[in-house]
Amino acid sequence: MRSSYVRRLVWAVLLTLTASLPVACSAGSGGGDELSAGPVTLRFTWWGADDRHKRTQRVIEEFQRKHPNITVRGEFKDWNGYWDSLATTVAANDAPDVIQMDELYLASYAQRGALLDLNTVKKQLNTGDFDGKALATGAIDGKQYGLPVGLGSYAMVANTDLLAKFGIPLPDDNTWSWDDLRKVGEQVSKAAGGSVWGVQSPGFSDAGGLQIRARQAGGSLFDDQGKVAIPSEVLTGYFTYLRDLARGGAAPPPSVTIEKANGTLNQSAVATNATAFGFCWNTQLTALTAASGQKLKLLKLPGEAQAHAAYYKPSMFWSVSARSQHPAEAALLVDFLANDPDAAKILATDRGVPANPKIRTVIDSTLKATDKAAADYLNQLTVSDPPRVTPNGASTVETIIKRHAEDVLFDRAAPDQAAKALITELQADVDAAR
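Residues numbered from 1 in each chain as written. Predicted model: local features only at pLDDT ≥ 70, side-chain atom pairs only at ≥ 80, totals over all residues. Heavy atoms only, no water.

Section: the sheet that holds strand 7 (residues 154–159)
Under the convention used in this document: At least two bridges found by DSSP between two strands is the condition for calling them paired. Helix numbering and strand numbering both begin at the N terminus, where a helix is a DSSP run of H or I of at least 4 residues and a strand a DSSP run of E of at least 2. Simply put, an axis is a line fit to the C-alpha atoms, just over the touching stretch for a helix, and the angle between two N-to-C directions goes from 0 to 180 degrees. The contact rule is simple, with two residues in contact once any of their heavy atoms fall within 4.5 Å.
Read across the open sheet, the 4 strands follow the order 8-9-7-10; overall the sheet is mixed. Strand pairing shows two members of the sheet lacking a second neighbour, strand 8 (197–199) and strand 10 (296–299), which therefore form its edges. Averaged over all pairs of adjacent strands, the angle between their axes in this sheet comes to 30°, without regard to strand direction. Note that strand 8 and strand 9 (residues 275–281) share 2 bridges and pair parallel. Bridging across to strand 9, V199 finds its partner in F277. Packed on one face of the sheet, helix 11 (residues 285–292) meets strand 7, strand 9 and strand 10 and runs near 150° to strand 10.

Concerning the packing of aromatic side chains
Stated formally: The criterion for an aromatic pair is that two Phe, Tyr or Trp rings (for Trp, the six-membered ring) have centres within 6.5 Å, with stacked assigned to planes under 30 degrees apart, edge-to-face to planes over 60 apart and tilted to the rest. Burial here depends on accessible area, computed with a 1.4 Å probe over protein chains only, as a share of the maximum for the residue type. Under 20% is buried, over 50% is exposed, and the range in between is partly exposed. Charge-over-ring contacts are defined here by two conditions on Lys NZ or Arg CZ: a distance within 6 Å of the ring centre and an angle within 35 degrees of the ring normal.
Following the criterion strictly, the structure yields 17 aromatic pairs and no others. With 6.0 Å between their ring centres and 50° between their planes, Y238 and F239 make a pair best called tilted. By relative accessible area, which is 0% here, F239 ends up buried. By way of ring pairs, the aromatic residues Y154, W178, Y241, F279, W281 and Y311 are connected into one cluster. Stacked on the ring of W178, the Lys or Arg R213 has its end atom at 4.5 Å from the ring centre.

Examining the sheet that holds strand 3 (residues 98–101)
Spatially, the 6 strands line up as an open sheet ordered 2-1-3-11-6-12, and their pairing is mixed. With one partner strand each, in any of the chains shown, strand 2 (70–77) and strand 12 (353–354) form the two edges of the open sheet. Pairing analysis gives 2 bridges linking strand 6 (residues 147–152) to strand 12, with the strands arranged antiparallel. Its bridge partner being in strand 12, G150 is matched across the sheet by P354. Against the sheet, helix 2 (residues 50–66) engages strand 1 (40–47), strand 2, strand 3 and strand 11 (313–320), with an angle of about 170° to strand 2.

Comments concerning the nonpolar core
Counted only if it meets this: Here, nonpolar core means buried Ala, Val, Leu, Ile, Met, Phe, Trp, Tyr and Cys residues that are tied together by side-chain atoms lying within 4.5 Å of each other.
Counting residues in each nonpolar core, the largest one holds 109 residues, and the members touching the most others are F44, W83, M101, Y109, I230, L235 and F239. No other element matches helix 13 (residues 327–339), which puts 8 residues into this core. In terms of nonpolar packing, the next biggest core, distinct from the first, is built from 27 residues, M156, F166, V188 and V199 among them.

Concerning the environment of L163
If you trace the backbone, L163 turns up in helix 6 (residues 160–165). For the pair L163 and F277, spaced 114 residues apart in sequence, the C-alpha separation works out to 9.4 Å. Beyond its immediate stretch of four places on either side in the chain, L163 contacts A158, I168, L170, V188, A276 and F277.

Quick word on the environment of T160
Mapped onto the fold, T160 is located in helix 6. Sequence-wise, T160 and D244 are 84 residues apart; in three dimensions their C-alpha atoms are separated by 24 Å. If sequence neighbours within four positions are ignored, T160 has contacts with L170, K295 and K297.

Observations regarding the pattern of salt bridges
Note the threshold: A pair is scored as a salt bridge if a Lys or Arg side-chain nitrogen falls within 4 Å of a carboxyl oxygen belonging to Asp or Glu.
Overall, the coordinates contain 21 salt bridges when judged by the stated rule. For E34, the salt bridge identified is with K123, shortest N-O distance 2.7 Å. With E34 in the loop between helix 1 (4–17) and strand 1 and K123 in the loop between helix 4 (103–110) and helix 5 (132–136), this pair connects stretches of sequence that are 89 residues apart. Relative accessible area serves as the criterion here: at 49%, E34 is assigned to the partly exposed category. Residue class for K123 comes out exposed when judged on its relative accessible area of 52%. Salt bridges linked by common partners bring R43, R73, E75 and D94 together as one network.

Focus: the pairing of strand 1
When a strand is regular, its side chains alternate between the sheet's two faces. To keep things clear, this is the line we draw: Orienting the strands away from the viewer, one traces the path from the first strand over the helix to the second; a clockwise path indicates a right-handed crossover.
With 7 of its 8 residues buried, strand 1 lies for the most part within the structure. One ladder, built from 8 bridges, connects strand 1 with strand 2; its direction is parallel. When the bridges of strand 2 are listed, V40 appears paired with I70. Crossover connection from strand 1 via helix 2 to parallel strand 2: handedness right-handed. Two strands pair when backbone bridges link them, and strand 1 and strand 3 are joined in this way by 2 bridges, in the parallel orientation. Looking at strand 3, one finds that F44 is bridged to V98.

Regarding the environment of N339
The condition is simple: We define a polar contact as two N or O atoms separated by no more than 3.5 Å, with the added condition that, inside protein, one atom must be a possible hydrogen donor and the other a possible acceptor, whereas residues neighbouring each other in sequence contribute only through side-chain atom pairs.
Within the fold, N339 resides in helix 13. Put simply, N339 and G293 are 46 residues apart on the chain and 34 Å apart in space, counted from C-alpha to C-alpha. With near-sequence residues (within four places) excluded, N339 lies in contact with N126, F130, N356 and I359. Here the side chain of N339 touches N356 through a polar contact of 2.8 Å, side chain to side chain.

Structure, rendered in structure tokens:
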């Protein structure tokens, strides 16, 4: 779990230790986008589990085989230790050359001059095969600070085995509304007699659901300047919907919702077959299916066929340190990771459905059925321009949403009170980072 403690620690360390960084750094003393003639050593850092470590080490070996003058030293950690370590090395001007970066922290590092504008190393890094909307997820003020690794989009997942068990037809995701979801959720709960609920409550795993609701209403969570922009009435409506799902029996009682939300993905309501419908990123389908042991199907979100609020969310980015002594070689490694078919066959979908559509076709025949379903969902979805990158200081957004959603569900705050408090708190965090 991405705990609030870790996020606040990362922000505190980054704010304190990188205050001395200049707003814009040079591309290192190696300079420019020309490759070195002699031997070069790069440092490459990422977070993840054992399988990711093994796959990445194999990719490093393949890269070194093709570029024998470049040695790559891998540095990997789990999520919790990764960000503290990265903030410390950046502050000490000792950052790794190639960095696996998360969307929550991209602006924090980029706007403190810690990341290289990848547009300056285009000679070594080809982004021509990437969709412009995908590239925009890693751009700030016209500068490309991150190259998306994998892409996902927010989705509804339906347990078709449970629906069949209770005799409830699968909704048509080309026509259904949020009210339709509530009604079918209530049908499931009633038919199950308390053994299963209809809908896993949104608002407790990430900001994706709220971002979609804001976009369906014609707005966004943050505006182009990084200010909190979601209208209070939209947020009030969102919290009211969460409350009504629970009060009407479509969603589990608040205590069950919080218990499931505080667990891992494999302990979520959908993964444990406690609900027939849930919210997820399409790339989580394989993990959810394995955990549930049931047949699951991805559906477009209610209202999405009409609103087209969906957007690409990068699973993570490849970034290059602005202080790298070898920016050309670092860019060459990123190019290999993003564009090389041999690298794609090794990495597969470990970091999500590849953002490069040409690379997707390379691995398509090797995918599991659920991974292919996740890729197919992404390919058939109509996406709009991505929202603004999470602004500097707003990496606490998910923790803040969750806390105020809990207050609403437990009747500690009315939806309109929670909406106003959330906007005020989140804006204060953004302002404090400026």
